[in-house]
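In case you want the letters, here they are:
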Amino acid sequence: MKIAFVGKGGSGKTTLSSLFIRHLAATGAPVVAVDADINQHLGPALGLNEAEAAALPAMGERLPLIKDHLRGTNPRISSADEMIKTTPPGEGSRLLRVCEDNPVYDACARPVELDGGAVRLMVTGPFTDADLGVACYHSKTGAVELCLNHLVDGPGEYVVVDMTAGSDSFASGMFTRFDITFLVAEPTRKGVSVYRQYKEYARDFGVALKVVGNKVQGQEDLDFLRAEAGDDLLVTVGHSDWVRALEKGRPPRFDLLEDANRRALHLLRTAVDSTYELRDWERYTRQMVDFHLRNARSWGNARTGVDLAAQVDPDFVLGEEVSANA
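Keep in mind that what you see is a predicted model, and the values were worked out from it rather than measured.

**Student:** Any chance you could break down the overall build of the protein chain for me, citing the residues and the numbers?
**Tutor:** When helices and strands are counted, the protein chain shows 12 helices and 10 strands. For a compact globule of 326 residues, the expected C-alpha radius of gyration is about 20 Å, and the protein chain comes in at 19 Å, within 12% of that figure. With 326 residues in all, the protein chain has 55% of them scored as buried. When contacts within the protein chain are restricted to residue pairs at least 6 apart in sequence, long-range pairs at least 24 apart make up 73% of them. Here the protein chain carries 36 positive and 46 negative side-chain charges, and the mean point of each set is 3 Å from the other.

Structural data, given as structure tokens:
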């Protein structure tokens, strides 16, 4: 299952995504965690110190390797240079799986030990001095989008992505790559404004969106979120002494997390698991192709010197490829 955590900056989406990752790992579930935010905080939220987080390999710096592996023997893509972030898989492409070993994981993923289990962590990488003033951050998140386009997963397997803040993720088609999106919202006007904007943008794409209320201090906050988010409000989370200890660098054992917050994480997983049977592989593939063709029409053909529309395999449906190789 592919899960995104989104929300305005400072809403707590990284903290909540890290708690959900810990919750999954504690049950023994296989997890790939991805930090796709411009501010790289997921590693520290999972317990890495500053040096360990800084040493994580950046996906954006290994894009040629990622492209070369994923294109496989696809006859529509003659070289890695022809691939862009939206390039869809086709016959001969290599697909990524959660529980396998492959060159992409070898180069970009590192194991993180957590209470009761371990996860693979991948990061886009932060801005460097060379990027300032000349680079767009979406070129770095393109590595994540390309991997998601080629990633297949089954029930009980989880890919959790901590996304860029606000509605910035709509600058690419990556927002359609998830089985469910959790929008973390504070009980404030600014907090729910991001929810409204996200819901409006996602409305025509079949995005499963649920709101997680954070920093909720009482009935008035709860009533506010219910009035603003309606049935999209899944659960709320309040103050956590466990999280405060984590932020000080002294996290207790995860099984000491407050009961109310443990129940909230359980509700998130139940919501995730319930979406598996709703997967529409034809729509998933169609959206992937649609965003690729938009890129081809807007800038991709001129920039690459390649007819990117020719990369689309009209007979390829990702779900059929998964079933054939199950």
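Moving on from the coordinates now.
**Student:** Can you explain the sheet that holds strand β2 (residues 31-35)? Please cite residues and give values.
**Tutor:** With mixed pairing, 8 strands are arranged side by side in an open sheet as β4-β5-β2-β7-β1-β8-β9-β10. Pairing within the sheet leaves two strands with one partner each, and these edge strands are β4 (110-114) and β10 (233-236). Across the sheet, the mean angle separating the axes of adjacent strands is 25 degrees when strand polarity is ignored. Bridge analysis of strand β1 (residues 2-7) against strand β8 (residues 180-185) gives 5 bridges, and the strand direction is parallel. Directly across from Gly7, in β8, lies its bridge partner Val184. Strand contacts of helix α8 (residues 219-229): β8, β9 (209-213) and β10, with the helix running at about 165 degrees to β10, the strand carrying the most contacts. Packed onto the sheet, helix α10 (residues 259-273) meets β1, β7 (158-162), β8, β9 and β10 and runs at close to 155 degrees relative to β10.

**Student:** Can you explain the packing of helix α1 (residues 13-26) against α10? Please cite residues and give values.
**Tutor:** It is the contact of α1 with α10, at a shortest axis distance of 10 Å, that shows an interaxial angle of 80 degrees. Relative to α10, the element α1 is oriented roughly perpendicular. In this structure, α1 uses Leu19, Phe20, His23 and Leu24 to contact α10, whose residues at the interface are Leu265, His266, Leu268, Arg269 and Val272. Of the residues in the contact of α1 with α10, the class split is 6 nonpolar, 2 polar and 1 charged.

**Student:** Would you mind going over the packing of aromatic side chains in detail, with residue names and values included?
**Tutor:** Tallying each qualifying case throughout the model produces 8 aromatic pairs. Through successive ring pairs, a cluster of aromatic residues spans Phe5, Phe20 and Phe182. Positioned above the aromatic ring of Tyr284, the side-chain terminus of Arg177 is 4.0 Å from the ring centre. A cation over a ring is seen here: Arg294 above Phe291, with NZ or CZ 4.8 Å from the ring centre.

**Student:** Run through the packing of helix α7 (residues 189-202) against α8, naming residues and quoting values.
**Tutor:** The packing of two helices is summarised by the inter-axis angle and the distance between the axes. Contact geometry of α7 with α8 gives a least axis separation of 11 Å together with a crossing angle of 25 degrees. As the angle between them shows, α7 and α8 are arranged roughly parallel. As for how α7 packs across α8, the hand of that crossing is right-handed. Of the residues in α8, those in contact with Arg189, Val192, Tyr195 and Arg196 of α7 are Phe224, Leu225, Glu228 and Ala229. Each residue belonging to the contact of α7 with α8 can be placed in one class, and the counts come to 5 nonpolar, no polar and 3 charged.

**Student:** With reference to specific residues and values, describe the pattern of salt bridges.
**Tutor:** The final tally for this structure, using the stated rule, is 18 salt bridges. Two residues, Arg71 and Asp68, come together in a salt bridge whose shortest N-O distance is 3.2 Å. Within this pair, Arg71 and its partner Asp68 are both found in helix α4 (residues 63-71), separated by 3 residues, close to a single helical turn. By relative accessible area, which is 17% here, Arg71 ends up buried. The partner of Glu247 in a salt bridge is Arg244, and the shortest N-O contact between them spans 3.9 Å. Here Arg244 and Glu247 lie together in helix α9 (residues 241-247), a separation of 3 residues that amounts to about one turn. In this structure Glu247 comes out as exposed when scored by relative accessible area, which is 56%. A single network of salt bridges, built from pairs that share partners, joins Lys2, Asp153, Asp179 and Arg279.

**Student:** Give me the pairing of strand β5 (residues 117-123): which residues, what numbers.
**Tutor:** Examined bridge by bridge, β2 and β5 share 4 bridges and lie parallel to one another. In the sheet register, Val34 faces β5, and the bridge partner there is Met122. Here 5 bridges tie β4 to β5, and the two strands are oriented antiparallel to one another. In the sheet register, Pro111 faces β5, and the bridge partner there is Arg120. Hairpin connection, β4 to β5: the antiparallel pair is bridged by 2 residues, and Gly116 has positive phi, about 85 degrees.

Criteria and cut-off values
- Residues numbered from 1 in each chain as written.
- Predicted model: local features only at pLDDT ≥ 70, side-chain atom pairs only at ≥ 80, totals over all residues.
- Heavy atoms only, no water.
- Helix = DSSP H or I, 4+ residues; strand = E, 2+ residues; numbered from the N terminus.
- Rg over C-alpha atoms; globule rule 2.2 N^0.38 Å.
- Buried < 20%, exposed > 50% of the residue type's maximum accessible area, 1.4 Å probe, protein only.
- Contact = heavy atoms within 4.5 Å.
- Lys, Arg positive; Asp, Glu negative; His and termini not counted.
- Charge placed at Lys NZ, Arg CZ, Asp CG, Glu CD.
- Pairing = 2+ DSSP bridges.
- Axes fitted to C-alpha atoms, helices over the stretch in contact; angles between N-to-C directions.
- Parallel < 35°, antiparallel > 145°, perpendicular 65-115°, else oblique.
- Nonpolar A, V, L, I, M, F, W, Y, C, P; charged D, E, K, R; others polar.
- Phe/Tyr/Trp six-rings, centres within 6.5 Å; stacked < 30°, edge-to-face > 60°.
- Lys NZ or Arg CZ within 6 Å of the ring centre and 35° of its normal.
- Left-handed = near helix turned anticlockwise from the far one by under 90°.
- Salt bridge = Lys/Arg side-chain N within 4 Å of Asp/Glu carboxyl O.

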